[in-house]
Structure formats: C-alpha cells, structure tokens
Amino acid sequence: MTVTTNGSGISNRLLDLIPATPNQLTRKDFTSDQEVRWCPGCGDYAILATVQGFLPELGIARENIAFISGIGCSSRFPYYLQTYGMHSIHGRAPAIATGLATSRPDLSVWVVTGDGDALSIGGNHLLHAMRRNVNIKILMFNNRIYGLTKGQYSPTSEVGKITKSTPFGSLDRPYNPASLALGAEATFVARSIDSDRAHLTATLRAAAEHPGTAFVEIFQNCNIFNDGAFEALKDRDTRDDATLKMVDGEPLLFGAERDKGIRRAASGGLEVCAATDENVLVHDAANLDPSQAFALSRLTGDAHGVTPIGVFRNVDMPTYDEALNDQVAQARTKLGKGDLLGLISGNETWTIN
Amino acid sequence: MSEQVRERETRRLDRVVVRFAGDSGDGMQLTGEQFTSETAAFGNDLSTLPDFPAEIRAPAGTPAGVSGFQLHFSDHDILTPGDAPDVLVAMNPAALKANLKDLPPGADLIVNTDAFTGGNLKKAGYADDPLTDGTLDSYTVHRVPLTSMTINAVNAAEGVGGAVNKKEAERAKNMFALGLMSWLYHRPTDGTEGFLKKKFAKRPEIAAANIAAFRAGFNYGETTESFSVTYEVAPARMRAGTYRRITGNIAMSYGLIAAGELTKLPLFLGTYPITPASDILHELSKHKQFGIRTFQAEDEIAGIGAALGASFGGSLGVTTTSGPGVALKSETIGLAVSLELPLLIVDIQRGGPSTGLPTKTEQADLLQAMFGRNGEAPVPIIAPRSPADCFDAAVEAARIATKYRTPVFLLSDGYLANGSEPWLLPTIDELPDLTVTFTTEPNHEGPKGPEFWPYLRDPETLARPWAVPGTPGLEHRIGGLEKADGSGNISYDPANHDRMVRLRQAKVEGIARDIAPLEVDDPSGMAEVLVLGWGSTFGPIAAGCRRVRAKGLHVAQAHLRHLNPFPANTAEVLRSYDKVLIPEMNLGQLRMLIRSQFLVDAIGYNQVRGLPFKAAELAGVLEDVINQ
Ligand SMILES: Cc1ncc(C[n+]2csc(CCOP(=O)(O)OP(=O)(O)O)c2C)c(N)n1
Ligand code: SF4
Ligand SMILES: [Mg+2]
C-alpha cells in the first residue's frame, strides 16, 4: 500500500488530486445536525453509520466531498452527512454527479441511490456512467422494494412478489444488479450487506481506492415493506453457507466449515464443488476480461444456494474525467488560452469607416 | 422567333433576393454561402435563409429532396431574407417544382436544361416538360445547359482534364452556377477562388475543376446573349466598425463562450443532439481552449442533469436542445428552480408538436418555457430577435442566471439558428463584466456559532448565496424538497411553503427592475396601432412596418426580448395605443400572456407554416388593422 500525500492509507491517482485535510477527522465530523427520519430498524441506519465511520479514512478535506442522491428512502442519505450534498430527482443522480465530477476533479463525488432509483427510472444513466467510467462512487441500496412510495415491487423483486401493486404476484423477472453492471463493463463492481460493518467498510475502501466508476450494491433491509429479504445471508445459522466472500487472489471457498468451493461448470458457467476439488477457482478481480466476474455474479440467488459478496471486478482503466480534462488541457497547450475577440472575429471580416 | 440582340444594360437595384435550389447532393448550401461571402465582401447588407429537407439524403430528383438557399442583399439596411426571389436558380425539375410557387411573375429563372430529362421530369412529378408547355411563360427564363458546359469546361482546363472523372467534373456544376450569378450581379470573385483552393487543398485537381467551372460560368454570362441586363447593388451605408457574417447558432455559441469568459466561470455544456440545436454542440466542442467542457449525454435528461451538477460545482451549466428535448428536461428545470442555481437552457424552437417539422421554424415553445413544469416554477425567458442578436441574448441570459441564481430559458428558433446576417463585432469594452463571486464565509450566527444558511437571500435581488463544494465550513445540502426560508433545511410547514413559492416568484418578477425598458419605434408619434412581437419575427415585422409607413400610414412597433418577466414599462406601452397586434408563428402564445397579465384585448395574427413571416404579408395585415 502506498502512502499518499494526504497521509491516509487510501490512494489513487485521482484521489491524490483532492486536497488532504490537516486534521484527523472523526465520524462526528461527518454527522450533520439533521434528524434522521428513516423507520426505526431500517437498514439505512447501519449503512449511514458505516459510511460516517469510513469517510475520515479518506484523509481528504470534508468540504471536498459531495454526495448526490436521487429519490427514495435511501436517497435521503446526503442530508445526514456533513459534506456538500444534493438530493436531486428520481433516477438522475448519476447524470448530475457526472457533471459535478468531471468539472471538479478536486472533489470526491458519491452517488447514493436505491434499486428503483438506479435500475428503473434511472437505469439508462447508471449504465452510461459505468460505461464511461466517470470517477464517481455509486452506492445502491438494494432492498428489493420501493420503500418511499410504500411498498410496490421493484426491478430487483423476485418474480411472484406480492405487493400493493401486485396483489396476484409480480410478473417481470428481476435484474441482477451486479450482472447488469458487469454487462456495462463497469470497472469496479462490488456487493456488500448493510449489517456487516467490517465487510461494508472494506468494500467502501476498495471503491474509494478505485479510479473511475465504482458500483457497490448494498443489500439493505426494509423492515417495513420487505423485511427479511436477505435473512439467509444474515442469520448466524445460514449465512456462512449462503454467502461466498470473494477475496482477490484467494481461492473461492465458503461454507460454515469452509468445505465448499467454486469451479467452472461444463455449461460454461460456475458451480459449487467441494473445497478439496483441484479445480477450485482463484478469484481474480483485476482480470480485464469480465467473464469470470460475470459468471460469479450469476451464482447469486436460489439456484446455487450461494450469494457472492465482495469485489467482483476491479480494473484500472482510463476515466472519462481524465480524458475530458486532458482534452481541455491539450487544447490550451496547443492553442493557448482562448482569445474571445479573436474567436468571434473569425477569418472573414470587413470594415466600414 | 429570332432573338433580338440588344445592347447589354447594367441596371442599378436597391435590393435583390436570389434563391439557389437543387438536389440535396447538388451543393446548394455551399453555393449560397459562397455567394453570400462575395456579397458581404462587397459591402451590401444581407440576410440569408437556408431551407433543407429533414432527410439527409431524401430520394434524389424528388421535390422532397430539394435543398434551397435564399439571400437578400441591398444598398441599405435590411431586416429579412426577403419574401420572394427576384431570381431563382433551379438545378433540376424537382427544384423548379418545389420553388416555382414562390416566384413572382416577371422574375428571372435560370434553369439547368441538361437536367430536364424524361426520368427527372417524372421524378419531379411533371407530366409535361415545363420548359416547353407554357408553364414558365410569365417568367424571364434563361435556359443554360449547366451540366454539359461544366463538364466541357473542366475537361478543357489545363491539367484538370484527365485528373478528375466524369462524376467529379459534373459535381462542379454548382460552381458554374455560382460563376454565372457572380457575373450577373457584379460580385467580386477572388474570394471564391481562394476559398476553393483552401477547401480542396488536399485534392488540388478537384479545386482546379471547381475553379474552371466557376470561371466558365462567369465567362458564359459574358458571352451569352441570354442575359440582356446585369445588375448592380451598391454597398450599403452601415454603421462604422468591423463586421463579419454570422448565423444564429454560431452567434449563440460565441455568446455562451463569452458568458463563460465574462462571468469567469468554466462553461459546461451537457446536451444531446437534436436539430436545429446540434450546431451549438459542434461549435462549442471545437473551442476547449476556453476551458469549455462539452458532454454529449445519453439523453436530454442526462444532458441537463450534468449541466446542473456542474453548476452546483461552480461552472456555468448550459444545456442546448429543441422543443422535444425541453419536454424531457422539464423535471430537472424544476429542480434547478428549487435549487436556485444558475443554468442556461437554450431551446432552438422547431415545428411541433412531437417530432413535428424538425428543420422548419416555429415559436410555439413559449408557453412550454413559461409553464411546462409542475408546481409554481418561474423561469426567466429571453428571446433573441436576429441571428447576430443571439450573441447578446446569451450574454444577457448568463447575467440574469448568475446574478439571480436561476435557470434561464433562451428561446431561439430554426430561422435564427440557420439564417445569417452581418454582425458588427463588439469591442471588449462593450461587453459587460459579469464576474461572479462565490460565498466563502458563514452568513448566520447560530446557537453554536457561525453557520452557513444556503437560502438566506440578498434583500435586493432575493438571490441566495452560491457556495461551491470545496469551500471549508460551508458544507450544506440542497434538494428538490421544500426548504425552510433561510436555513434551507427540509420543511413541510404550510406557511413556509407559501412563503417560499412567493419568494421564488418575487425573485423572478423583480428582474423586471433590472432589464431594459420596452422600446417603442413610432417615428411619427401618431400611431394608434402598436405591433408587438418577440423573437425571430422582429425582421419581418419591422419590414412590414416600413412598407406601411411608406404609404403614409402610422404604426408603432415594440419587440420583447424579455418574456418573463416583461419589462417594467410594458403595461404603460400597451395602454398607449388603441389597438395592439401580435403576430406570432404559433396560435397566440404571447397574446395569451399579454391578455392575461395586462387585460389588453390584443389582436393576433398567427401562422404556423414552418416559415418566417413575409414582410408583404405583415404589411397587409397591418394595413387592415389600421384601417379597421
Ligand atoms: C419522477 C418521479 N416518479 C416517481 C416518483 C415516486 N417515487 C419516489 S421514490 C420511488 C421508488 C423508490 O424506490 P427505491 O429507489 O428502491 O428507493 P427506496 O425507497 O426503496 O430506498 C418512486 C417510485 C418520484 N419521486 N419521481
Ligand atoms: S420504508 Fe423501508 S426503506 Fe424506507 S425507511 Fe422505512 S424501512 Fe427503510
Ligand atoms: Mg428500494
């Protein structure tokens, strides 16, 4: 791990453009004076506490951090952080953050969004932000439901979901957000869980260290409208068999006894095998080819009985921000700083005396 | 009938309207542009209007695929590209078919006879050959075998003959036409030859072919007996200064660049391509040395979203579009109203509804700009009146947006966007200093010490402070939820919401105190009828007024640049006249606003044909209203 100019352990070439803070900030420095208004027991509280606890680690000036959100319970997030923030409109946060991040390379820009916000109304913006590799960190709180509008099914709800808007069961197949992100060739794709503070913190750290778009899906419990959606991943008795914690460079093993592993299946996808199987795969998040990361994302859910968490993909590619600002810098080097009167005169003028 | 050889005469005209028309592949825009350059260099006042099909390559030879370019030039100041051509150059039967209805009897018609083949006549929808069936009896027809003479000239030119193929030779026929027209109107030709050399620098043989065709056209005029008269239009007496020719979209682009320079804010354009606004994206993308960031987004919503995000970060956010794009941006414009951040929304209006007439002009987005949002969401609106005026309008929009922290609409249209006129270049001291200062200090004493209240307003302008991320100690959150007056914290309090709605409205209305009063042009001071317009109708309305006044009638003209709020003296101006006539290229949108705000029973004159008004048409309407 390199030591950065800002003295924190977290570094990348873009983070280094952001002014460091001379002060040792704490969680309290990132807590705003606004009363938090989520339902008691909502998973959003745990995520907020983890983010507030993590932000001091960035070692950058608090005023150089901005959180942009859309609309939803999750999108109230920026109000509770003592940073710059914008609670925008439904689904558009990635677009707004793109303008902010590309025009202000001295800021650390985060997007907070929900499964409906990011994947339904804002699906297009999400895809294009990831495709462009804009330097923003997207935290998508996936509660597999529309919380704020009081419990309609969402694009991540399972088929047959009974909700107010689907009393006979929902009909459409859900998105797998990680698969979607990998399909858009996002350079950083990860998944974590609201209640696993250590894992979520490590995931946020990895996202912050990544130059470019980081897409982090956070399983979040909505105890009012979709309670227990991720219970199998949280319950002490089941969680070790139900989650596969991916660690870069290590074999893909899981299970209460660490007796299970992941290997390639004859179908071309992946399957669960014994930990002792000689074909157990080693996780390679930095692989430029996203195929294996995609195959891992497909393990999610009931058919395989295991849900991978951690970083699926983490590759360093040129970012849109750098490319855009490079073009501006190059134009200035080549043509000099713009000369307004020269420009507007053009090369065909005539003078009348 | 034997042709009588007459002494060639040169006639002096005070103004001429010429139109070039051909297939979209015939290079008519280039021909028109180049004729215009010659005319500008000569010192005439001028105004141009291109007219091209919506399809990139509509079926060749059909009236749908005809592309035209009209130029009006004169020895005095003119206001419009002209009602009807005095001379039409028709490169094929389709061009004749599509344009003949605009040609007044007696006008000159130059036709490329080579193109009048059976197949082409059929494609154009002619059962009989109009060159022989009497259709053209009322015109002065000049039959020119343009294609074959071009090919001959190119083949005969030294060093060009074998170097270009037949198709390339034929393609130079537009330069033959240009040469002939340059001769007919005594235009200077050096510029065109230089232009061709530069344009085809990489293919000198093509440049040579085009120059050969251009000269051949010129010489053909000299030697043929088809033209008994040539025309001269003396240079216009224009205000002293340095001029260039400019289209509305380029003037708008330069105005936006100037706005960035004058406010000292980096310009950020977030946009999505759409006719007739795309040229602004193209132009701004070329000038990154001004620190401009251009972002071609995935859609209009992302375009304006990114622009607003950039404004939040302290850039001058701009989005450019046309009517359908405005519809998509509405929700974000509402957010900008609520955030009270500067943002420029440039709407180059085109025919609607829906996809409508993408390449034609209209001014039917006024009410969309005014009201097209949920809730009470007032947005200032500014409309340029001529192509060159787009520059000043953009600078003015930036002044209002930054001073009042508000999104501002700029309503241009297809006619201004693509039309051109001479522009008296501003000098640096004619441009306003719009330097923006960000808030850097807390502005409120809280219980625990100094605080920053993002919605504590300037008592005079009612603008809120603009503190950008990166400013220590002023960290704050803004959003679309209603905010408490002052602190900006979320507030659902009924009285506070009522106050905030009224404050946002009052802020925009207050701009009326800070804009130029509505000027009235009433030379005799005896007018009883006021004609009120906005946007691109300025030229035709003013030209219509001139005609009416020339007949000894009295009419007053006023033209609105600010449509929200209206200038402070608007009511007074309206009340000073017995009748108010409002011509618009819509069904009466300004009229609706004027009637409801001022209780003035304004009369409308409304046309939505995708074309600008004609001066003669408006003169007729004015006379009727005056004489009623
Ligand atoms: C344009 C628009 N359409 C619809 C809504 C209503 N709406 C608000 S939040 C939401 C869904 C939120 O779901 P999600 O993104 O999953 O967030 P959660 O509340 O579950 O955190 C909807 C439909 C809106 N605010 N704006
Ligand atoms: S509705 Fe669900 S997601 Fe929203 S605050 Fe309540 S528990 Fe949280
Ligand atoms: Mg949700």
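On a predicted model such as this, the values are computed, not experimentally measured, just so you know.

Focus: the site of ligand 2
Reasoning step 1: Around ligand 2 sit Trp38, Cys39, Cys42, Cys73, Asn143, Gln220, Cys222, Asn223, Ile224 and Phe225 of chain A, and those are all the residues in its vicinity.
Reasoning step 2: For the shell around ligand 2, the residue count by class is seven nonpolar, three polar and no charged.

Regarding the confidence of the model for chain B
Residues and elements named next belong to chain B.
Reasoning step 1: Looking at chain B, pLDDT values average 95 and 99% of them are 70 or higher.
Reasoning step 2: Highest mean pLDDT in chain B belongs to strand E14 (residues 381-382) (99); lowest belongs to strand E3 (residues 45-51) (91).
Reasoning step 3: As a predicted assembly, this complex carries a pTM of 0.94 together with an ipTM value of 0.97.

Considering the pairing of strand E6 (residues 108-112) of chain B
All names here are of chain B.
Reasoning step 1: Taking burial as the measure, the five residues of E6 include five buried ones, the bulk of the element.
Reasoning step 2: Where burial is concerned, the two faces of E6 agree: the one with Asp108, Ile110 and Asn112 and the one with Leu109 and Val111 are both buried.
Reasoning step 3: Two elements, strand E5 (residues 87-90) and E6, share four bridges in a ladder whose sense is parallel. Paired with Leu88 across the bridge in E6 is Leu109.
Reasoning step 4: As paired elements, E6 and strand E7 (residues 140-144) share five bridges and run parallel to each other. Looking at E7, one finds that Leu109 is bridged to Val141.
Reasoning step 5: For the crossover from E6 across helix H3 (residues 118-124) to E7, the handedness is right-handed.

So, the packing of aromatic side chains
Residue and element names in this part refer to chain B.
Reasoning step 1: All told, the structure shown has 22 aromatic pairs over all chains when counted by the stated rule.
Reasoning step 2: Relative to Tyr231, the ring of Tyr185 lies with its centre 5.4 Å away and its plane at 20°, an arrangement referred to as stacked. Here Tyr185, found in the loop between helix H6 (173-184) and helix H7 (190-199), pairs with Tyr231, found in strand E8 (residues 229-233); they are 46 residues apart in sequence, far enough to count as distant.
Reasoning step 3: Given the relative accessible area of 2%, Tyr185 is considered buried.
Reasoning step 4: Seen in terms of ring centroids, Phe268 and Phe295 are 6.4 Å apart; in terms of plane orientation they differ by 45°. Their pairing is tilted.

Topic: the coordination of the magnesium ion (ligand 3)
Residue and element names in this part refer to chain A.
Reasoning step 1: Surrounding the magnesium ion (ligand 3) are the protein donor atoms Asp115 (OD), Asn143 (OD1) and Ile145 (O), at 2.0 to 2.2 Å.
Reasoning step 2: Sequence positions of the residues that donate to the magnesium ion (ligand 3) give the spacing D-x27-N-x1-I. With Asp115 in helix H3 (residues 115-121) and Ile145 in the loop between strand E4 (136-142) and helix H5 (177-183), this residue pair connects regions lying 30 residues apart in the sequence.
Reasoning step 3: For Asp115, a relative accessible area of 2% corresponds to the buried category.

Focus: the site of ligand 1
Reasoning step 1: Residues in close proximity to ligand 1 total 17 residues, the closest being Cys73, Ser74, Asp115, Gly116 and Asp117 of chain A.
Reasoning step 2: Around ligand 1, the neighbouring residues derive from chains A and B rather than from a single chain.
Reasoning step 3: Here an oxygen atom of ligand 1 and a side-chain polar atom of Asn143 of chain A are 2.9 Å apart.
Reasoning step 4: With respect to ligand 1, the backbone of Ile145 of chain A contributes an N or O atom lying 3.1 Å from an oxygen atom.
Reasoning step 5: Against a free-state accessible area of 590 Å², the protein chains account for coverage of 77% of ligand 1.
Reasoning step 6: Take the shell around ligand 1: its biggest share by element is four residues, from H3 of chain A.
Reasoning step 7: Grouping the amino acids of the shell around ligand 1 by side-chain chemistry returns six nonpolar, eight polar and three charged.

Calculation notes
- Residues numbered from 1 in each chain as written.
- Chains lettered and ligands numbered in written order.
- Predicted model: local features only at pLDDT ≥ 70, side-chain atom pairs only at ≥ 80, totals over all residues.
- Heavy atoms only, no water.
- Near = heavy atom within 4 Å.
- Nonpolar A, V, L, I, M, F, W, Y, C, P; charged D, E, K, R; others polar.
- pLDDT = per-residue confidence, 0-100.
- Helix = DSSP H or I, 4+ residues; strand = E, 2+ residues; numbered from the N terminus.
- Buried < 20%, exposed > 50% of the residue type's maximum accessible area, 1.4 Å probe, protein only.
- Pairing = 2+ DSSP bridges.
- Right-handed = clockwise from strand over helix to strand, strands pointing away.
- Phe/Tyr/Trp six-rings, centres within 6.5 Å; stacked < 30°, edge-to-face > 60°.
- Donors = N, O, S within 2.8 Å, 3.2 Å for Na, K, Ca; no water.
- Polar contact = N/O pair within 3.5 Å; in protein donor to acceptor, adjacent residues only side chain to side chain.
- Areas by Shrake-Rupley, 256 points an atom, 1.4 Å probe, with all protein chains shown as cover.

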